[in-house]
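A look at the structure
This is what each chain is made of:
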Amino acid sequence: MVERKHDREFVRTFFTSPTAVQGEDDSAKMIRSASQLSGMQAPDVWVPDNEDATAPSMREEGAENIVEVVAENGADFPGEIHPRVVWHRDSPQTRYQGFQQMMTIMDPEGGAAEHIDGFVIPEVGGIDDWKKADEFITIIENEYGYEEGSIKMSVIIESGLSELAMGDLPDEMVKRTNNMERMFLLVDGEVDYTKDMRAITPSGNLPPWPELRHNTSRGASAAGLIAVDGPYDDIRDVEGYRERMKENQAKGMLGIWSLTPGQVVEANKSPLPPQSGSWLLNVGDQQVELDEEDGRQVYRGDALSLAESGDGYVLTVGNDERELDEEELSKELLDMAEYIPSMNDIVDSMEEFEAAKEGGKGAIAMERSATIVIDGVEVDISNDRMWDEATYQAAMTPISLFQDVYENRPDQHEDLADLYSEDILERAMNVGA
Amino acid sequence: MVERKHDREFVRTFFTSPTAVQGEDDSAKMIRSASQLSGMQAPDVWVPDNEDATAPSMREEGAENIVEVVAENGADFPGEIHPRVVWHRDSPQTRYQGFQQMMTIMDPEGGAAEHIDGFVIPEVGGIDDWKKADEFITIIENEYGYEEGSIKMSVIIESGLSELAMGDLPDEMVKRTNNMERMFLLVDGEVDYTKDMRAITPSGNLPPWPELRHNTSRGASAAGLIAVDGPYDDIRDVEGYRERMKENQAKGMLGIWSLTPGQVVEANKSPLPPQSGSWLLNVGDQQVELDEEDGRQVYRGDALSLAESGDGYVLTVGNDERELDEEELSKELLDMAEYIPSMNDIVDSMEEFEAAKEGGKGAIAMERSATIVIDGVEVDISNDRMWDEATYQAAMTPISLFQDVYENRPDQHEDLADLYSEDILERAMNVGA
Amino acid sequence: MVERKHDREFVRTFFTSPTAVQGEDDSAKMIRSASQLSGMQAPDVWVPDNEDATAPSMREEGAENIVEVVAENGADFPGEIHPRVVWHRDSPQTRYQGFQQMMTIMDPEGGAAEHIDGFVIPEVGGIDDWKKADEFITIIENEYGYEEGSIKMSVIIESGLSELAMGDLPDEMVKRTNNMERMFLLVDGEVDYTKDMRAITPSGNLPPWPELRHNTSRGASAAGLIAVDGPYDDIRDVEGYRERMKENQAKGMLGIWSLTPGQVVEANKSPLPPQSGSWLLNVGDQQVELDEEDGRQVYRGDALSLAESGDGYVLTVGNDERELDEEELSKELLDMAEYIPSMNDIVDSMEEFEAAKEGGKGAIAMERSATIVIDGVEVDISNDRMWDEATYQAAMTPISLFQDVYENRPDQHEDLADLYSEDILERAMNVGA
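Residues numbered from 1 in each chain as written. Chains lettered and ligands numbered in written order. Predicted model: local features only at pLDDT ≥ 70, side-chain atom pairs only at ≥ 80, totals over all residues. Heavy atoms only, no water.

Per an unreviewed UniProt entry, chain A carries the name Malate synthase AceB and comes from Halomarina ordinaria. UniProt annotates chain A under Cofactor (unreviewed entry) with the comment "Mg(2+)". (UniProt positions renumbered as here; feature names shortened; annotations may be inferred.)

1. Description of the pairing of strand 17 (residues 363-374) of chain B
Residue and element names in this part refer to chain B. Pairing of strand 12 (residues 296-298) with strand 17 involves 2 bridges; the strand directions are parallel. Across the sheet, residue Gln 297 finds its bridge partner in strand 17, namely Ile 372. Connecting strand 17 to the next strand, strand 18 (residues 377-388), in antiparallel fashion are 2 residues, including Asp 375 with a positive phi near 50°. (Pairing = 2+ DSSP bridges. Helix = DSSP H or I, 4+ residues; strand = E, 2+ residues; numbered from the N terminus.)

2. Some points on the sheet that holds strand 4 (residues 118-121) of chain B
All names here are of chain B. The sheet built from 8 strands is open, its strands ordered 3-2-1-8-7-6-5-4 with parallel pairing. On the outer flanks of this sheet lie strand 3 (80-81) and strand 4, each paired with one strand and no other. Two elements, strand 5 (residues 152-157) and strand 6 (residues 183-188), share 4 bridges in a ladder whose sense is parallel. Bridge pairing links Met 153 to Met 183 in strand 6. Its contacts with the sheet place helix 4 (residues 127-144) against strand 4, strand 5 and strand 6, and it is angled at close to 155° to strand 5. (Contact = heavy atoms within 4.5 Å. Axes fitted to C-alpha atoms, helices over the stretch in contact; angles between N-to-C directions.)

3. Focus on the environment of Glu 293 of chain A
Residues and elements named next belong to chain A. Of note, Glu 293 is situated in strand 11 (residues 291-293). With a relative accessible area of 33%, Glu 293 lands in the partly exposed category. Between the alpha carbons of Glu 293 and Val 373 there is a distance of 9.6 Å; along the sequence they are 80 residues apart. The contacts of Glu 293, once residues within four sequence positions are left out, are Val 298 and Arg 300. (Buried < 20%, exposed > 50% of the residue type's maximum accessible area, 1.4 Å probe, protein only.)

4. Digging into the packing of helix 8 (residues 238-249) of chain C against helix 9 (residues 261-269) of chain C
Residue and element names in this part refer to chain C. With their axes 10 Å apart at the nearest point, helix 8 and helix 9 run at an angle of 40° to one another. Helix 9 is crossed by helix 8, and the crossing has right-handed handedness. In this structure, helix 8 uses Val 238, Tyr 241, Arg 242 and Met 245 to contact helix 9, whose residues at the interface are Gln 263, Glu 266 and Ala 267. (Left-handed = near helix turned anticlockwise from the far one by under 90°.)

5. Describing the UniProt feature "domain: Malate synthase H C-terminal" (unreviewed entry) in chain A
As annotated by UniProt and renumbered to match this structure, "domain: Malate synthase H C-terminal" (unreviewed entry) occupies residues 279-393 of chain A. Taken end to end, residues 279-393 of chain A is 28% helix and 52% strand, and its two terminal C-alpha atoms sit 24 Å from one another.

6. Regarding the interface of chain C and chain A
Every contact between the two is made by 30 residues of chain C and, on the other side, 40 residues of chain A. Between chain C and chain A, a total of about 3000 Å² is buried, with carbon and sulfur atoms accounting for 55% of that surface. Linking chain C with chain A are 3 salt bridges. At the boundary of chain C and chain A, one finds 9 residue pairs in polar contact (both at pLDDT 80 or more). Mapped by element, the contributors of at least two residues to the side of chain C that touches chain A are helix 5 (160-172), helix 6 (190-197) and helix 7 (210-223) of chain C. Ranked by residue count, the leading element in the side of chain C that touches chain A is helix 6 of chain C, at 6 residues. (Buried area = accessible area lost by both parts, 1.4 Å probe. Salt bridge = Lys/Arg side-chain N within 4 Å of Asp/Glu carboxyl O. Polar contact = N/O pair within 3.5 Å; in protein donor to acceptor, adjacent residues only side chain to side chain.)

Right, here's the structure in full:
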C-alpha cells in the first residue's frame with residue numbers, strides 16, 4: 001500500500017459550513033456553531049466553506065470569520081480544519097482570490113493559522129492547475145515562516161480534466177519542483193461534475209457516476225491519499241445515505257461529505273463494524289435479515305416457504321418448488337445465507353489467524369454455523385472459509401480505520417464505548433500490532 | 001467547462017449513409033435521398049459513409065458520389081456534413097486510401113468542398129495515429145488553400161488503444177506541431193470495439209460497455225469535444241433505443257448514431273425536455289408513471305395498494321403491509337415519487353433562480369407538490385429542493401442544448417413549435433443569457 | 001487488433017498449485033500431482049505458486065521442488081508452465097528473493113528451464129516496477145544463455161498503481177531500454193487489490209470491481225496481451241463461477257484463475273460455443289430457457305401466460321394483461337426471445353458470410369426462426385439480423401479461441417470430439433482461414 005504521510009490515514013466525514021451568512025446579527029453563526037461540535041457529531045475534517053456554500057459577496061467577510069472563529073475555538077475542535085477557498089481552472093481572477101483568502105486565513109497575527117490543517121481547492125483542472133494551487137500554498141508557507149509542505153491540500157474532483165489528472169498524480173507529486181506531497185483528500189463533487197460532463201437525467205437527479213468514484217478511489221490508493229464522496233442532497237433520506245456509503249465502501253471510498261451534524265453522525269458510524277453480527281438470506285434480488293431468537297435465526301419474509309414432506313423437505317422460492325433431502329436443503333440455504341460479522345467476530349478471527357501464523361500455519365479454516373428457522377422448520381448450516389495472509393490483510397481495513405479513529409478522536413471514546421465493550425475496544429486496538 | 005471551439009456545441013444525431021450501392025441504376029441513391037432530409041428527420045451530423053457501410057470495391061465510386069451529391073444538395077442541407085473515409089491504425093495502405101478519398105472530396109473543382117464540415121476517421125489507434133490523420137488533413141488544407149485547422153476531424157473509438165488515447169488528448173491537441181484543435185466528435189463504435197476487446201456474449205449481442213461510454217464522455221469533457229454513442233442495430237426496437245439514449249444522457253453522452261431517418265427523429269427529440277411534466281412512483285425495481293386526472297396523479301398499477309383504517313392508513317407494497325398515519329404516509333410516498341419536469345417547469349425554475357440571484361440570494365427552495373391517488377385514497381405530498389448556483393448550472397445543460405439546436409437548425413423551428421408554445425420557446429432562448 | 005506475439009493467443013485457465021507443503025512426506029506433492037494433469041483438467045497456464053499459496057518458510061524448498069517436478073514431468077505437460085515467484089513494489093528484499101527464485105528455477109543444470117515458459121510477478125506497482133522484474137529476467141537470460149526476450153512475463157494487477165500502469169504499457173513496452181515485449185498475461189488479483197483499495201463490504205466478501213476488470217481487459221487489448229480474472233474462492237459454487245466467467249467474457253476477459261482441477265474443467269469449457277443452440281425468453285428480470293420438443297420451443301415458467309381469445313390472443317406478463325393480434329403477439333415474443341447459437345450455428349453463419357463476401361456482397365441477412373409454445377398455444381417468430389464485415393469479425397472471437405485451443409492442446413482433442421462432431425471440428429478449423 002502506498003504510504004499515507006499525514007496524521008489521519010482515514011477520513012470518514014467532510015462537513016462543510018457557510019463562512020458568512022447575510023442578514024444575521026452574527027454572520028459567522030454557522031461556523032461558530034459548527035466549531036463547537038464534538039463526539040459523533042464532529043466530523044473528521046471540518047470545512048469552513050468559503051466557496052459554494054457562501055454567497056460571493058460575503059466571501060471576504062467569510063475569510064475573516066474563519067480567522068475569528070478558528071482562533072477562538074480551533075484549539076478545542078476535535079477534528080482537522082480545512083477551509084475551502086475559491087478556485088477555478090478557467091479563471092486567473094478566481095485563483096488569485098483563492099490565494100488572498102488563504103493569505104488572510106494563515107496570517108499568524110489572526111491566531112487561527114496554528115489550528116488550520118490544510119485547504120480544500122475546488123474546481124481544479126489538469127495537473128498543472130493543481131500545481132498552481134500548491135505553489136500559492138508554498139509561497140504562503142515561506143511568507144509566514146511555516147515549514148514547507150506542512151499545510152495539507154485537498155481537491156474537489158468536479159471535471160473530466162481533474163478525473164484524468166488523478167492518473168498523473170503519483171509521478172507528478174514527487175517532483176522536486178513542487179510540494180505536492182502535501183496532498184491529502186480527493187473529494188468528488190458530483191453536482192459540478194454533472195455540469196462539466198453535460199449529463200442529463202429526466203428528473204434532474206444526479207447520475208450515480210460509478211466510474212468517477214472508482215477512479216477517485218484508485219487515485220487515492222495510487223498516491224497514498226484519502227477518497228471522499230460528494231454531498232448527498234436529500235438530507236431526510238437517511239436510508240439512501242447509508243446505502244450510498246455502503247456502495248462507496250465497496251469501492252474503497254470510505255469518506256463522504258456531510259451537510260448536517262445528523263449526516264455527520266451517520267457517516268462517522270457507517271464504516272465501523274456493527275455491534276452484533278447478523279445473518280441475511282438472499283432470495284432473488286432481495287436481502288432479508290433474519291431475527292435472532294434463542295440462538296436460532298428466524299426467517300420472517302414470505303418469498304420463501306419450507307415444509308417437511310416424508311423423509312425430505314419442500315422448499316418453495318417464489319413460484320419454484322423443490323424437493324430436497326436434508327443435506328441438499330442445508331446446502332441450498334447455505335448458498336442463500338450471508339453472515340455480517342460484528343466487531344467482536346472480526347477481532348476473534350484476526351486473533352485466531354495471528355495465533356495460527358505464529359504457530360507456522362499460512363492458512364486456516366474459519367467456521368461459521370447457524371440454525372435457520374423457516375416456517376417453524378429448523379435447518380443447520382455451516383461453512384468453512386479459508387483465511388490466508390491476503391484474507392487477513394483485506395479484513396484489516398475496518399480495524400485499521402477503527403484504530404485511526406480511536407487514536408485521533410478521543411472525543412469519540414465515550415460513543416465508541418457505548419457501541420462496543422471495553423474488552424473489545426482494547427483487543428481491537430491490539431490486532432495487527 | 002473546456003471551451004468548445006466549433007459552431008455546434010451539441011450533436012444529437014450522427015446519421016450514416018452508404019456512398020455507393022452496387023446493382024442500382026444510381027449508385028448514389030442512398031446519399032442522394034439522405035441529402036434531401038430536413039426537419040426532425042435530418043441529423044445534426046450527416047455522415048456519407050465511405051467505410052463499413054459501403055463495399056470495398058465501391059469506395060472509389062463512393063468518393064465521387066459524395067462530390068456529386070454534396071455539390072448539388074450540400075448548400076441546402078440543414079445539418080453538418082462529415083464523410084467517413086477509410087483508415088486503419090495497422091495499415092499504411094488503408095491510411096493512404098483514406099488520404100486519397102479526402103483529397104477527392106475536398107477538391108475545390110468538384111464543388112462539394114465548401115459544404116463539407118469535416119471528416120470522420122475510423123479505427124484509430126494511439127494518439128500518434130490520430131496525428132497522422134490530422135497531418136493528412138493539414139496537407140489537404142494547404143494543397144487546396146483552405147485555412148489551416150478549418151476542416152474538423154472526428155474519430156471512431158473502436159479499440160482499447162484509442163480508448164486510452166482520449167486521456168492523452170487534452171495535452172496533445174494543443175501542441176504547435178499539429179492542428180488537432182480541429183477535433184470535433186468522439187464516436188464509440190461498439191461492434192469493432194467488441195472485436196478488438198475479444199468479448200464474447202452467448203447470443204452474440206453487443207456487451208453494454210458502460211466504462212467505454214463513460215471514458216468517451218469524459219474524454220469529450222476534458223478536451224472540449226462532443227461524445228456520440230455507436231449504432232443501435234435493432235431498428236424496430238424504438239423502446240430500447242430510447243432507453244439507451246436515457247442511459248447515455250446520464251453519462252453526458254448526448255449524441256447517438258442513427259441508422260434510419262426514423263432513428264434520427266427519435267434521437268433528435270430524445271435530449272429535449274418533455275412538453276409536459278409527469279410524476280412517477282418507484283415501487284421496488286419498477287417505475288410507474290401516474291395518470292394526471294383533474295390535477296391529481298392517479299396510480300393504476302397493482303404493486304401498491306392503500307386503504308384508510310381508523311384514523312390512519314394501510315399501505316401495502318408487494319407483500320409488505322405498513323400502518324401509517326397521515327404524515328408518515330405522505331413522507332413514504334414522497335420518497336417513492338419523482339417528478340419529471342417539462343421544458344416549461346425548467347424554464348420557470350431557472351428564471352426564478354436568476355431573479356433570486358439578482359436579488360442577492362445564493363440559494364432558494366423550489367417547491368414541488370402533488371395530490372397522489374391510490375385506490376381512490378388521496379394523499380398530498382410536497383417537497384422543497386434547494387437550488388444554488390451549481391444546481392442551476394447543472395440544470396442548464398438541456399436548455400443549452402435546446403438553444404444550440406434552435407440557433408443552428410432553423411429547419412426544426414416548426415417541429416419545435418409543435419412541441420412547445422411560442423412563449424416557452426422565446427423564454428427558453430433567453431435563459432442564462 | 002494489436003498483434004499477440006506468443007504461441008498462445010488465448011488463455012482460458014490459470015491454475016495455481018502450492019510448491020511446497022509442510023508436514024507431508026513429499027513436500028512437492030501438490031505440484032507433482034498437478035504436473036500430471038491432462039485433457040480438460042489441465043490448464044492452459046499452470047502456475048506452480050511460490051508466493052501466497054506457499055508458506056514463506058517453505059519457498060526456498062518450493063523453488064527446488066519446481067525444478068525437480070518440472071524437470072521430470074514438464075516435457076509431457078500439455079499447457080504452458082509459468083511459476084509465480086515473490087515480488088513486492090515496496091520491498092527490495094522481496095524483489096531480490098524473487099530474482100533468486102527465478103535464478104534457481106532457470107538454472108539449465110536443473111533440467112526444468114527448457115519447460116518453463118515464463119514467470120508470474122505479483123504485487124507490481126507503477127511501470128518502473130514492472131521494468132525491474134523485466135531487467136532481472138533479462139539478466140537471467142544472459143547469464144544462462146537463453147535468447148533475450150524468450151522468457152515470458154505476466155503480472156498480477158492487485159494495486160491501484162498497477163491498474164494505472166496498464167495505461168502506460170503500450171508506449172513503454174516497445175522501448176529499446178527494456179525487453180517488456182515479453183509480457184504475456186495481465187491477471188487480476190482481487191483479494192490484495194481490495195486491501196490496497198481499502199474497500200469494505202459488510203460480509204467481508206470481495207467487491208465485484210467491474211471497472212478493474214474492464215481496465216485489465218482494455219490493457220490487454222491495447223498491448224496485445226491476454227486478460228485473466230482472479231480466483232473465485234467459493235469452490236463449491238459452480239453456478240457462481242460460471243456466472244462470473246460469463247460476465248468476464250462480455251468484458252473481453254476470457255481467462256480466469258482456477259483453484260482446483262474441477263474449476264479448470266469448468267473454465268476450459270466456458271468460452272467454447274455450446275454443442276446445441278437454445279432459445280431463451282427474457283421476462284422482466286428473468287431469463288428462462290425454453291425446452292425443445294419436436295422442433296418447437298416450449299415455455300414452462302409461470303411468469304407468462306397465453307390464451308386464444310376470439311380471433312386474437314391474451315398475453316399475461318406478471319400482472320399485465322395484453323390483447324394482441326397474431327402479428328403483435330409474434331412481435332412481442334420476438335422482442336423477449338433470444339437465441340444462443342451452437343458451434344454449428346456459428347460456423348454455418350460464418351461460412352455463409354464468407355461465401356457472400358466472395359460473391360461481392362458486403363452484408364447479408366441471417367434469418368433465425370422458431371415456434372414458441374406457451375400454455376399449449378403455438379406462435380411463430382422470425383428475425384433477420386444483418387451481418388457485415390464487422391459482425392463477422394466480432395463473431396470470430398469464439399472461433400479463434402477454439403482454433404487456438406485445438407492447435408495448442410492436442411490432449412483436449414478427445415474431449416472436444418465428445419462436444420462437437422468431427423465434421424464441425426474440421427469446418428470450425430477452416431473458418432476465417
